[in-house]
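Below, each chain spelled out in residue letters.
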Amino acid sequence: MIGAYRPDLVYSPAIIHMTIPGKPKLFVTRKLTQDVEDRIAGTYEPVFNDDDHIMSPAELAEKAQGCDGALVTTTERIDAGFIEALPDSLKIVATFSVGYDHIDIAAAKARGIAVTNTPDVLTDATADTAWLLMLGAARGAVWGERMVREATWTSWSPTHPLGHDVTGRKLAILGMGRIGQAVAKRARGFDMEIHYHKRSRLPADLEQGAIYHDTLAGVLANGEFLSINCASTPQTRGLINAETIAVLPDGAVLVNTARGDIVDDDALIAAIECGKLAAAGLDVFAGEPAIDERYRTLKNTFLLPHIGSATLGTRSAMGMRAVDNLDAFFAGKTPGDLVTAG
Ligand code: DGY
């Protein structure tokens, strides 16, 4: 029978393993690349979102009824209330993202729901986006492009428009996990002096000459460029605020490809407005897509719509990785990217 939770199929006390006779029913909350949807259609009884609309919590809960698993994205808030509304049959939530701050992991665990994510496959695309932001913000790419597009570029000039050098400067990386390390790798090609802060120091082969700081203030003091690459957690939310921005060197450039809520918008906007920061490049925003309106009118901001991992190859790989995790789970194996076993 599809859809019913089978306690007789729990093989391990640590990990809920589940095999379902026939095709498991899978709720896929957003439209995915065609290759991924084709694979899902071959193995699962899918509930797709063909027109890719954003569903209300009520619609999400309704569509999840009778499903054995859900493949979700960062646009769905999987909070305690939502988890409560899930049917007993649903035993795994596979998120199409490396970040899982949109999921209440404790609530999932309490209901015995496994959660998986999609690390690794988006590391390079996201690091590339951090660099796009760094160069775009430092060199005023937006207003330069606008001058050309709007035909306000009247002549080449020795003094206008002028950006800021990147090569040879100091780069501070907040969060030196996979993506932070990939940002650092690219920075070596720009002869940058790399500083990082992380809970624990990396081994020398991963550090590759980057300078470790065991305090946030230590790394920020070296942040002529600051790249935010840490996860959004209760500890990091609001970490970049008026007090911490004050520690950055004057004229610093801040880029964020992690999560918007790590930065206090009021503090960042004030720092750009008063010239403390030369520029900011942002791919993520608190409350996105309803961003703080003031960002839109600031000249020294380079703004992208959360496209860190948005290449065809990477989005396909993320989908495939999420399905690998689901396949493992429904085959009674331990998924490779288990956040919680439930
Ligand atoms: C991630 O994978 O966490 C990206 O930000 C996409 O949401």
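Per chain, residues are indexed from 1 in the order of the written sequence. With pLDDT at 70 or above as the cut-off, local features in this predicted model cover only qualifying residues; side-chain atom pairs require 80 or more to be listed or tallied, and sums for whole chains, interfaces and linings still use all residues. Values shown for side chains rest on all heavy atoms present in the structure; no hydrogens or waters enter the calculation.

**Student:** Would you take a moment to explain the domain arrangement of the protein chain for this structure?
**Tutor:** In many reports, interface size means the accessible area that the parts give up when they come together. Considered domain by domain, the protein chain is made up of domain 1 (13-121 + 312-330) and domain 2 (123-303). Those domain boundaries reflect an automatic or database domain assignment. Computed from C-alpha coordinates alone, the two centres of domain 1 and domain 2 are separated by 32 Å. Accessible-area loss on putting two parts together, using a 1.4 Å probe and summing over both, is the definition of buried area adopted here. When the two sides are added together, the surface that domain 1 and domain 2 hide from each other amounts to roughly 550 Å², 42% of it contributed by carbon and sulfur. Salt bridge, as used here: a side-chain nitrogen of Lys or Arg that lies within 4 Å of a carboxyl oxygen of Asp or Glu. At the junction of domain 1 and domain 2, the tally comes to 2 salt bridges.

**Student:** Would you take a moment to explain the pairing of strand β1 (residues 25-28) for this structure?
**Tutor:** Here is the key point about a regular strand: its side chains alternate between the two faces of the sheet. In the sheet, β1 pairs with strand β2 (residues 45-47) via 3 bridges, with the strands oriented parallel. If you follow K25 over to β2, its bridge partner there is E45. A crossover connection joins β1 to the parallel β2 through helix α1 (residues 34-43); in handedness this β-α-β unit is right-handed. The pairing of β1 with strand β3 (residues 69-72) spans 3 bridges and is classified as parallel. Within β3, the residue paired with V28 across the bridge is L71. At least two bridges found by DSSP between two strands are what make those strands a pair. Helix and strand assignments follow DSSP, with helices taken as H or I runs no shorter than four residues and strands as E runs no shorter than two, numbered in order from the N terminus. Seen with its strands pointing away from the viewer, a crossover is right-handed when the path leading from the first strand over the helix to the second is clockwise.

**Student:** I would appreciate a short explanation of the side chain of S316 in the present structure.
**Tutor:** Within the secondary structure, S316 sits in helix α13 (residues 312-330). Burial classification: accessible surface area is computed with a 1.4 Å probe over protein chains only, and a residue below 20% of its type maximum counts as buried, one above 50% as exposed, and the rest as partly exposed. Residue S316 is classed as buried on the basis of its relative accessible area of 13%. Nitrogen and oxygen atoms within 3.5 Å of one another constitute a polar contact, given that in protein one can donate a hydrogen and the other can accept it, and given that sequence-neighbouring residues count only through two side-chain atoms. Reaching out from S316, the side chain makes a polar contact with the side chain of D35 at a distance of 2.5 Å. For S316, the residues in contact, after removing those within four places along its chain, are T33, D35 and V36. Note on contacts: a residue pair qualifies if any of its non-hydrogen atoms lie within 4.5 Å across the two residues.

**Student:** Looking at this structure, how should I read the site of the ligand?
**Tutor:** Taken together, the residues surrounding the ligand are T74, S97, V98, G99, L122, R259 and H306. Contacts to the ligand include T74, whose side-chain N or O atom sits 3.3 Å from an oxygen atom. At a separation of 2.7 Å, an oxygen atom of the ligand approaches a polar backbone atom of V98. Accessible areas in this description were obtained via Shrake-Rupley with a 1.4 Å probe; residue shielding takes into account the shown protein chains only. Considering the ligand on its own, with 230 Å² of exposed area, one finds that the protein chains cover 88% of that surface. Under the scheme applied, nonpolar residues are Ala, Val, Leu, Ile, Met, Phe, Trp, Tyr, Cys and Pro; charged residues are Asp, Glu, Lys and Arg; polar residues are all the others, including Gly. When the residues that make up the shell around the ligand are grouped by side-chain class, the tally is 2 nonpolar, 4 polar and 1 charged. For each residue, the test is whether any non-hydrogen atom lies within 4 Å of the molecule or strand; if one does, the residue is near.

**Student:** Help me understand the sheet that holds β3 in this model?
**Tutor:** Adjacent strands of a sheet form backbone hydrogen bonds with each other and so pair up, either parallel or antiparallel. Across the sheet, which stays open at both edges, the 6 strands sit in the order β2-β1-β3-β4-β5-β13 with mixed pairing between neighbours. Of all the strands in the sheet, the pair left with one neighbour each is β2 and β13 (338-340). The mean angle between the axes of side-by-side strands here comes to 25°, regardless of whether they run parallel or antiparallel. Fitting a line to C-alpha atoms yields each axis, with helices limited to the stretch in contact; the angle taken between N-to-C directions then spans 0 to 180 degrees.

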